Amino acid sequence: MNKLLMVVLALQLTGCATARTLDAAKPGAPVVYAGTRLDLYALNGGCCAMDRFGAQAPSYPGLDLPGSALLDTLLLPLSLLTALGVGFQATGGL
């Protein structure tokens, strides 16, 4: 059972649609629930994910969907602020 869990987690981390859409930062691309929307787009046979989202859809969008929905929910406050055009300067480190 542990091996199956590790395989599922590895697939989730390597193909996360949320991470792909955040990395793309394509102007005009959806921001709110972007990873979940990319997975649903791929599941419904969307042809041009790169043009619409700025990122390729994961190889297994059905497996990626729950993880992307969770991560998109956790990042919802930041994505809403981004969609509204609110900018913020975050700095960190020592």
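Going by an unreviewed UniProt entry, the protein carries the name YceK/YidQ family lipoprotein and comes from Pseudomonas hefeiensis.

**Focus on the nonpolar core**
Of all hydrophobic cores here, the largest spans 6 residues; its members are A17, L38, Y41, A49, F53 and A55. Listed by contribution, the elements that provide at least two residues to this core are α3 (34-43) and α4 (49-53). Excluding residues within four positions of it along the chain, A49 makes contact with L38, Y41, G54, A55 and A57.

**What to know about a nonpolar patch on the surface**
A grouping of L78, L81, L84 and V86 is seen on the molecular surface, where their side chains present a nonpolar patch of about 360 Å² in accessible area. The residue L78 is located in helix α6 (residues 76-84) in this model.

Rules used throughout
- Residues numbered from 1 in each chain as written.
- Predicted model: local features only at pLDDT ≥ 70, side-chain atom pairs only at ≥ 80, totals over all residues.
- Heavy atoms only, no water.
- Core = buried A, V, L, I, M, F, W, Y, C linked by side-chain atoms within 4.5 Å.
- Buried < 20%, exposed > 50% of the residue type's maximum accessible area, 1.4 Å probe, protein only.
- Helix = DSSP H or I, 4+ residues; strand = E, 2+ residues; numbered from the N terminus.
- Contact = heavy atoms within 4.5 Å.
- Patch = residues over 30% accessible without salt bridge, like charges linked within 9 Å, V, L, I, M, F, W, Y side chains within 5 Å.
- Areas by Shrake-Rupley, 256 points an atom, 1.4 Å probe, with all protein chains shown as cover.
- Salt bridge = Lys/Arg side-chain N within 4 Å of Asp/Glu carboxyl O.

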